[in-house]
Amino acid sequence: MPLLPGAEPFRHEGGEVGVLVCHGFTGSPQSVRPWADHLAERGLSVSLPLLPGHGTRWQDMQLTGWQDWYAEVDHALRELRERCSQVFVCGLSMGGALALRLAARHGDAVSGIVLVNPGNKVHGVAAKALPVVRHFVRSTKGIASDIAKPGSEETGYDRVPLHAAHSLRRFFQLVDAELPQVTQPLLLMHSPEDHVVPPADSARILARVSSRDVTERLLEHSYHVATLDNDAERIFADTYAFIGRLSGVGSEEGTAARG
């Protein structure tokens, strides 16, 4: 199947500091590409993979599960580690959960993590019915493009495949149990008004990780896909400043960008 516009994976060969950027559930690299571009333009090595089953049509996602999505980012992290002295992981929504698991499992190989509206749980009464309902109902209404900024749109599926949603629910449970193993510096940015992932998910993540270097920022002017929303530039600048503080690269520019 041909890829949706902007869904192509992205890779930039930069300096010794690398960044892995992870997109969200039913989304594509398009939703976080400006984030990746901002970091690449400042000389960092950047990897933005396309998760299996994403970026084409929702029916293709029915054949994939969390093991496939995690394997893709795990492979990308290992590739970055081969050519970079430090690697940071950034993630939006489910991409945030992927970042957390990478941090929990790879330890010191991950120097820090940046999360934007990270998912931690599939909410609602219907979530508990997923194990059964998915065998009778193939899909439900999509979650893409929850954006406050007029004219900004996310390239994602207009339907959520329920087999994949069931797998996502299991993945969130797995990651939640591993949160105490996350010890890396953490920058977590979340929107008070988010129609996909409630603020409670960010609160639980902050309460359960073992990281001592933790920064929380509110994205007051954005909905769920904040990387394409009104707070996007702030996200990009804060991410670069966070990486700069921990790695030493571009620290002066990072501080100026935040000012």
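Structural data are supplied above this passage.
Please read all numbers here as calculations on a predicted model, not as lab measurements.

### Quick word on the overall build of the protein chain
A tally of helices and strands in the protein chain yields nine helices and nine strands. For 259 residues, the compact-globule formula gives about 18 Å, and the C-alpha radius of gyration of the protein chain, at 17 Å, lands near that figure. Reported as C-alpha extents along the three principal axes, the dimensions of the protein chain are approximately 55 × 35 × 35 Å. Across the 259 residues of the protein chain, 56% fall into the buried class. Counted over contacts in the protein chain with a minimum sequence separation of 6, partners at least 24 positions apart contribute 76%. When the accessible surface of the protein chain is split by element, carbon and sulfur atoms take 49% of a total near 10,900 Å². Of the charged side chains in the protein chain, 25 are positive and 30 negative, and the gap between their average positions amounts to 8 Å.

### Regarding the packing of helix α1 (residues 33-41) against helix α8 (residues 232-247)
Taken N-terminus to C-terminus, the directions of α1 and α8 make an angle of 45 degrees; their axes are 10 Å apart at the nearest point. Judged by the inter-axis angle, α1 sits oblique to α8. Taken as a pair, α1 and α8 cross one another with a handedness that is right-handed. Where α1 abuts α8, its residues P34, W35, H38 and L39 lie against I235, F236, A237, T239, Y240 and I243. Residue composition of the contact of α1 with α8, grouped by class: eight nonpolar, two polar and no charged.

### A few points about α1
Among the residues of α1, W35, A36, H38, L39 and A40 are the ones counted as buried. Contacts made by the buried residues of α1 are with β1 (10-12), β2 (17-22), β3 (45-48), β4 (86-92), β5 (112-116) and α8. Looking one or two residues past α1, G43 carries a phi angle of roughly 95 degrees, positive in sign.

### Things to note about the environment of A76
Mapped onto the elements, A76 comes out in helix α3 (residues 66-83). Once residues lying within four places of it in the same chain are set aside, the contact partners of A76 are L20, S47 and P49.

### What to know about the sheet that holds β1
Taken in spatial order, the seven strands line up as β1-β3-β2-β4-β5-β8-β9 in an open sheet, and their pairing is mixed. Single-partner strands in this sheet number two, and they are β1 and β9 (214-218). On average, each strand axis in the sheet is inclined to that of its neighbour by 15 degrees, with strand direction left out of account. Both β1 and β3 contribute to a ladder of three bridges, which runs antiparallel. If you follow F10 over to β3, its bridge partner there is L48. The strands touched by helix α4 (residues 94-106) are β2, β4 and β5; relative to β4, the strand with the most contacts, the crossing angle is about 150 degrees. Helix α7 (residues 199-208) rests against β5, β8 (186-190) and β9 of the sheet, and its axis sits at about 165 degrees to β8.

Cut-off values and rules
Residues numbered from 1 in each chain as written. Predicted model: local features only at pLDDT ≥ 70, side-chain atom pairs only at ≥ 80, totals over all residues. Heavy atoms only, no water. Helix = DSSP H or I, 4+ residues; strand = E, 2+ residues; numbered from the N terminus. Rg over C-alpha atoms; globule rule 2.2 N^0.38 Å. Buried < 20%, exposed > 50% of the residue type's maximum accessible area, 1.4 Å probe, protein only. Contact = heavy atoms within 4.5 Å. Areas by Shrake-Rupley, 256 points an atom, 1.4 Å probe, with all protein chains shown as cover. Lys, Arg positive; Asp, Glu negative; His and termini not counted. Charge placed at Lys NZ, Arg CZ, Asp CG, Glu CD. Axes fitted to C-alpha atoms, helices over the stretch in contact; angles between N-to-C directions. Parallel < 35°, antiparallel > 145°, perpendicular 65-115°, else oblique. Left-handed = near helix turned anticlockwise from the far one by under 90°. Nonpolar A, V, L, I, M, F, W, Y, C, P; charged D, E, K, R; others polar. Pairing = 2+ DSSP bridges.

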